[in-house]
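# Remarks on the overall topology
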Amino acid sequence: MKSLSMKHLRYFEALARHGHFGRAADSCAISQPALSVQIKELEEILGASLVERGAREIRLTGLGEAFAERVRDILRSVDELGDLARAAQSRLVGRLRIGVIPTVAPYLLPRLVQSLTALYPELEIRPREAVTQKLIEDLADGELDTAIVALPVSEPALTEVALFDEEFVLVRPAADAGKPAPRPDHLREMKLLLLEEGHCFRDQALSVCNMSPSVPRDLMEASSLSTLVQMVGAGIGVTLIPDMAVPIETRSADVSVARLPQPRPTRTVGMIWRKTNPLALQLTEIAGIFRDAVDAK
């Protein structure tokens, strides 16, 4: 009889995470039939069913739920053993999984990756873009080594290191260029366009305007800053975007950009990682590299 292996555990964790054999197989870079065989073999080893197989998706059994939680702990510990070995080396090598929020990734990530690979050519950087809550969950599950987010996140298990502060700027139709910029709390009287729920920048924009998170249903929302800016160019309303997004997002839209009156609203962008991560010293060094890359723009 076959014995339990790390391969079984990694394949099952992928299936539990994706809830679908096809997507789990893709994430593991194997065929769906091969994944199905491995899960069936795991169930035979355990002598119990872990999943209920449906036509389109799977559902974990009670044992499967408990098993998945324990498997995540095991895999995280195994990965951290590898990180311990990497931390003992003189140079950072191997895989580095970095999460980045959508309001930072398109504007800053290419520059950060270039700076990091120039110093650590043997480093394999695996970026992932997602909203803050998803990145925090992936850090907790050991799916990421670090993440770049807006601070604070106020999670006791995570280390937070500030990288830089940046202003929010007002984007409005081109016809408004030259007009005095309204005070932030006056924006709630205008048609303010926002990112959809789940984006931390949405909450920050609402806070700037002293607006409740439960905004009216008829308020226009979008999934990206690019869409918001294009809607402003179409005359639908106004929006706030981070300063770093201005060069890219406004170059093809008929809009104007205005700085808000003092004190101007800002956000702090920083790095977070698990306090138990053996690569804490290396991640602190990487934070310094990223800070220098931003300052050198």
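What comes next is a walk through the structure. (Residues numbered from 1 in each chain as written. Predicted model: local features only at pLDDT ≥ 70, side-chain atom pairs only at ≥ 80, totals over all residues. Heavy atoms only, no water.)

## Some words on the environment of Ala293
The following threshold applies: Starting at the N terminus, helices and strands are each numbered in turn, a helix being any DSSP run of H or I of at least four residues and a strand any DSSP run of E of at least two. The contact definition used throughout considers only heavy atoms, calling two residues in contact when any of these lie within 4.5 Å.
With respect to the secondary-structure elements, Ala293 resides in helix H10 (residues 280-295). In this structure the C-alpha to C-alpha distance between Ala293 and Ser115, which are 178 residues apart in sequence, comes to 6.7 Å. Non-local contacts of Ala293, meaning those with residues more than four positions away in its chain, are made with Arg111, Leu112 and Ser115.

## Notes on the nonpolar core
So the rule is basically this: In this text, buried Ala, Val, Leu, Ile, Met, Phe, Trp, Tyr and Cys residues form a nonpolar core when linked through side-chain atoms within 4.5 Å. Throughout, exposure labels follow a simple rule: accessible area from a 1.4 Å probe, protein chains only, divided by the maximum for the residue type, with under 20% read as buried, over 50% as exposed, and the rest as partly exposed.
Counting residues in hydrophobic clusters, the biggest one holds 73 residues, and the most contacted among them are Leu116, Ile148, Ile272 and Phe290. With eight residues, strand S6 (residues 158-173) is the single largest residue contributor to this core. When residues no more than four places from it in sequence are discounted, the contact partners of Leu116 are Leu96, Ile98, Leu123, Ile125, Ile286, Ile289 and Phe290. With 20 residues, the next largest nonpolar core counts Ala24, Leu35, Leu42 and Ala68 among its residues.

## Remarks on the layout of surface pockets
For clarity, the threshold we go by: In the cavity and pocket records, a cavity denotes points on a 1 Å grid over the protein atoms alone where a 1.4 Å probe fits but cannot get out, a pocket denotes an open set with protein on both sides within 12 Å along at least 5 of 7 lines, and lining residues are residues with an atom within 4 Å of a point. Grid points are joined across faces, edges and corners, and a volume is the space filled by probe spheres set on the points. Throughout this entry, Asp, Glu, Lys and Arg are counted as charged residues, while Ala, Val, Leu, Ile, Met, Phe, Trp, Tyr, Cys and Pro are counted as nonpolar. The remaining residues, Gly among them, count as polar.
In this model, the largest pocket occupies a volume close to 510 Å³. Along the walls of the largest pocket sit 19 residues, with Arg10, Arg17, Arg95, Arg97 and Glu143 positioned nearest its centre. Sorting the residues of the lining of the largest pocket by element identifies helix H1 (6-18), helix H2 (21-28), helix H4 (62-87), strand S3 (94-100) and strand S4 (123-129) as the ones contributing at least two each. For the lining of the largest pocket, the element with the highest residue contribution is H1, accounting for five residues. Here the lining of the largest pocket is built from residues that sort into five nonpolar, two polar and twelve charged.

## A few points about H1
So the rule is basically this: Helices are assigned an expected span. That span is 1.5 Å times one less than the residue count.
For H1, which comprises 13 residues, the first-to-last C-alpha distance of 18 Å matches the rise-based estimate of 18 Å (1.5 Å per residue) to within 8%. Every buried residue of H1 is listed here: His8, Leu9, Tyr11, Phe12, Glu13, Ala14, Leu15 and Ala16.

## Here we look at the environment of Phe201
Tracing the chain through its elements places Phe201 in helix H7 (residues 200-208). With a relative accessible area of 2%, Phe201 lands in the buried category. The spacing of Phe201 and His18 is 183 residues in sequence and 27 Å in space, taken between C-alpha atoms.

## Digging into unusual backbone geometry
A cis amide bond links Leu151 with the next residue in sequence, Pro152, at an omega value of 0°. Turning to its location among the elements, Pro152 is positioned in the loop between strand S5 (146-151) and S6. With an omega of -5°, the peptide bond running from Gln262 to Pro263 counts as cis. One can find Pro263 in the loop between strand S10 (255-259) and strand S11 (266-274). Here the phi dihedral of Ala29 falls at roughly 60°; this positive angle occurs in a residue that is not glycine. With respect to the helices and strands, Ala29 occurs in the loop between H2 and helix H3 (32-46). Since its relative accessible area comes to 71%, Ala29 is described here as exposed. Notably, Ser154 is not glycine yet its phi reads approximately 55°, a positive angle. Tracing the backbone shows Ser154 in the loop between S5 and S6.

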